[in-house]
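Structural description and commentary
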Amino acid sequence: MSKNRDTGSCCSSDSEMNTANFIPMADLDKKRSPPEISETTSVITSSERFGHFLARCGVKREEHIVSPGIYKLGNPTSDSPVLVSANYTLSFDALRSSLAGIDCYILVIDTKGINVWCAAGKGTFGTDEIVYRIRWSGLDKIVKHRNIILPQLGAPGVSAYDVKRMSGFKVEYGPVRAEDLQQYLKTHTATAEMRRVRFTFKDRLVLTPVELVHVIKPTLIAAIVLYLLAGPFGAFIVVVTAFAGTILFPALLPFIPTHDFSTKGLILGGIVSLPFAVFLATTSTISSAMSPLENVLTALATFLIPTAVVAYIALNFTGCTTYTSRAGVKKEIFRYVPFMAFMGGMGLLFLIILGISLLEVI
Amino acid sequence: MFDSYIENTLQYYPEKCINCLMCIQVCPHVVFTEGKEHVELKKPASCMECGACAGNCPVQAIEVESGVGCAWAMIRAALRGEDMDSDASCCGEDGGCC
């Protein structure tokens with residue numbers, strides 16, 4: 001394993017996480033009664049659904065948190081399965097809503113309100129936290145067996161054999177998606193399909209509101225500035241660019257040619273901005289007395305800047321996908337970001353030349 | 001060309017493999033498949049370097065420089081003069097990317 005991951009994923013014995021957890025671990029040795037078992041259900045209420053909607057829009061993202069602890073669903077006995085989850089509302093709710101009719105315990109660990117996969121990537125959904133929560137909750141008194149079921153996507157932060165060695169509990173990796181749990185629990189084996197991560201149209205679409213929220217401020221500023229300088233048409237191009245980068249790109253991701261996100265973004269950005277550029281090359285929009293050269297400058301800027309911006313937003317979507325490697329993304333950054341900056345810079349230069357030339361006319 | 005994702009840091013040492021199949025269980029992209037004596041590295045280019053296989057391999061037959069492939073976090077780290085390869089700036093903190 002790499003150096004950088006070792007500090008995050010707390011697998012090595014001298015990692016920072018271990019030191020940080022040493023104090024709470026030491027606390028556990030004192031005579032202390034374990035936390036009460038909370039009750040939960042598999043029903044998601046309408047207000048919880050509204051909370052999910054807010055989370056998907058990036059509203060109050062720190063507040064979608066579940067208290068870490070041990071929860072019982074249905075009427076579990078000491079033989080019932082134990083499932084481990086993150087303390088992010090969407091993670092916990094996806095799990096419990098998939099377990100209708102199942103009697104089990106859910107051990108919610110503290111991932112700082114982050115979903116399972118991202119938390120595993122950082123190591124907060126990790127070996128030490130799981131071992132700590134097992135001891136803290138007195139799980140060995142609650143169940144007779146020594147098995148815990150983790151979501152498969154928790155695996156990047158967890159060493160199953162270390163958990164076993166440190167806690168006595170054997171880690172079983174369940175399916176990627178909670179919806180497959182009912183099937184999984186019948187045999188405790190996952191099919192290859194259950195083990196594979198997908199990135200469907202719907203998966204991509206639910207990410208778009210947060211993407212849009214991320215760019216809303218610069219979009220509004222640019223729209224206002226261009227509205228003042230070039231009128232409603234300029235503002236409209238800004239809005240279309242933001243829409244193309246944050247919604248069209250994720251939606252069309254697998255259908256745009258090439259593999260790299262940057263080139264996909266350049267293609268989409270080019271297609272979206274080309275009609276505007278062609279229109280502006282042939283029409284004098286900003287002032288009726290524009291020369292053909294000024295029209296061409298406007299058209300070039302209108303092509304170059306939005307294309308570069310869409311490509312940049314596209315590249316930034318890599319972290320939201322389910323399959324990009326760090327090595328690949330790094331290669332993309334060094335390969336294409338200079339080119340995008342050059343495109344955007346040329347576009348801005350043309351706009352400045354255009355501005356000076358138009359001012360002289362007045 | 002136009003595929004930056006062909007090469008990655010995944011290393012597999014089949015001679016160490018004890019065929020426990022743990023990597024097949026944890027890999028979200030079916031990079032490994034079952035073989036006769038040991039697990040086969042089937043689709044190395046599909047690896048996203050999440051590190052699940054390496055961290056759960058009891059005999060260190062797999063090595064990978066794991067990390068999150070997030071341009072947003074890496075560019076931000078680079079702009080702040082931090083190490084691009086650190087996980088510090090990704091996901092969840094300060095309105096992170098995912």
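What comes next is a walk through the structure. (Residues numbered from 1 in each chain as written. Chains lettered and ligands numbered in written order. Predicted model: local features only at pLDDT ≥ 70, side-chain atom pairs only at ≥ 80, totals over all residues. Heavy atoms only, no water.)

**Details of the overall build of chain A**
The test is simple: Numbering goes from the N terminus for both helices and strands, where a helix is a DSSP run of H or I of at least four residues and a strand is a run of E of at least two. Only heavy atoms enter the contact rule, under which two residues are in contact if any of them lie within 4.5 Å. In these tables, accessible area is a Shrake-Rupley quantity obtained with a 1.4 Å probe, and a residue counts as shielded only by the protein chains included in the view.
A tally of regular secondary structure across chain A gives 16 helices and six strands. Within chain A, contacts between residues separated by at least 24 positions form 69% of all contacts whose residues are at least 6 apart in sequence. Counting only carbon and sulfur atoms, one obtains 66% of the accessible surface of chain A, whose full area is about 17100 Å².

**A word on the interface of chain B and chain A**
Just so we agree on the cut-off: Two parts lose some accessible area (1.4 Å probe) when they are put together, and adding that loss for both gives the buried area. The rule for a salt bridge is simple: a side-chain nitrogen of Lys or Arg has to be within 4 Å of a carboxyl oxygen of Asp or Glu. Any pair of nitrogen or oxygen atoms within 3.5 Å is treated as a polar contact; in protein, a donor-acceptor pairing is required on top of that, and neighbouring residues in sequence qualify only through side-chain atoms on both sides. Amino acid classes used here: Ala, Val, Leu, Ile, Met, Phe, Trp, Tyr, Cys and Pro are nonpolar; Asp, Glu, Lys and Arg are charged; the rest, including Gly, are polar.
Taken together, the contacts link 51 residues of chain B with 50 residues of chain A. For the pair chain B and chain A, the two sides together bury roughly 4500 Å², of which 54% comes from carbon and sulfur. Together, B:Phe2, B:Ser4 and B:Tyr5 form the three largest contributors to the area buried by chain B at its contact with chain A, with a combined 16%. Our enumeration of links across chain B and chain A arrives at one salt bridge. Between B:Glu7 and A:Lys331 there is a salt bridge, and its shortest N-O distance comes to 4.0 Å. Where chain B packs against chain A, one counts 23 residue pairs in polar contact (both at pLDDT 80 or more). Put simply, the parts of the chain that give the side of chain B that touches chain A at least two residues each are α1 (22-26), α2 (52-56) and α3 (71-79) of chain B. For the side of chain B that touches chain A, the per-class residue count stands at 28 nonpolar, 15 polar and eight charged.

**With respect to unusual backbone geometry**
A positive phi is found at A:Lys112, a non-glycine position, where the angle reads about 60°. Looking at the secondary structure, you find A:Lys112 in the loop between β4 (104-108) and α5 (116-122).

**What to know about the pattern of salt bridges**
Residue and element names in this part refer to chain A. What counts is decided by this rule: When a residue's accessible area, from a 1.4 Å probe over protein chains only, is under 20% of the maximum for its type it is buried; when over 50% it is exposed; and in between it is partly exposed.
The full count for this structure, using the stated rule, is 13 salt bridges over all chains. One salt bridge connects Lys 141 with Asp 140, and the closest N-O pair in it is separated by 3.9 Å. Residue Lys 141 is classed as exposed on the basis of its relative accessible area, which comes to 72%. One salt-bridge network, in which partners are shared between bridges, spans Glu 179, Glu 193, Arg 196 and Arg 198.

**Some remarks on the environment of A:Arg96**
Residue and element names in this part refer to chain A. Mapped onto the elements of the fold, Arg 96 is located in helix α4 (residues 89-97). Exposure remark for Arg 96: the relative accessible area of 4% places this residue in the buried category. When the C-alpha atoms of Arg 96 and Lys 72 are compared, they prove to be 10.0 Å apart, with 24 residues separating the residues in sequence. Beyond its immediate stretch of four places on either side in the chain, Arg 96 contacts Thr 40, Thr 41, Ser 42, Val 43, Ile 44, Glu 48, Leu 73 and Ile 106.

**Brief notes about the nonpolar core**
What counts, and what does not: Nonpolar cores were defined as sets of buried Ala, Val, Leu, Ile, Met, Phe, Trp, Tyr and Cys residues, with membership established by side-chain atoms within 4.5 Å.
Ranked by internal contacts, the top residues of the largest apolar core, which has 52 residues, are A:Phe125, A:Ile130, A:Ile148, A:Leu150, A:Tyr173, B:Phe32 and B:Ile62. Looking at which element gives the most residues to this core, the answer is α5(A), with five residues. Excluding anything up to four places from it in sequence, A:Tyr173 contacts A:Leu150, A:Pro151, A:Gln152, A:Ala155, A:Val158, A:Ala160, A:Tyr184, A:Arg195, B:Met22, B:Gln25, B:Val26 and B:Asn56. Listed in part, the 39 residues of the second largest apolar core include A:Ile237, A:Val240, A:Met340 and B:Met74.

**Examining the side chain of A:Thr208**
Residues and elements named next belong to chain A. Among the structural elements, Thr 208 can be located in helix α12 (residues 208-230). On the basis of relative accessibility, which here comes to 8%, the residue Thr 208 falls in the buried class. Within the local environment of Thr 208, its side chain forms a polar contact with the backbone oxygen of Leu 205, the two atoms lying 2.6 Å apart. Once residues within four sequence positions are removed from consideration, Thr 208 is found in contact with Thr 246, Ile 247 and Pro 250.

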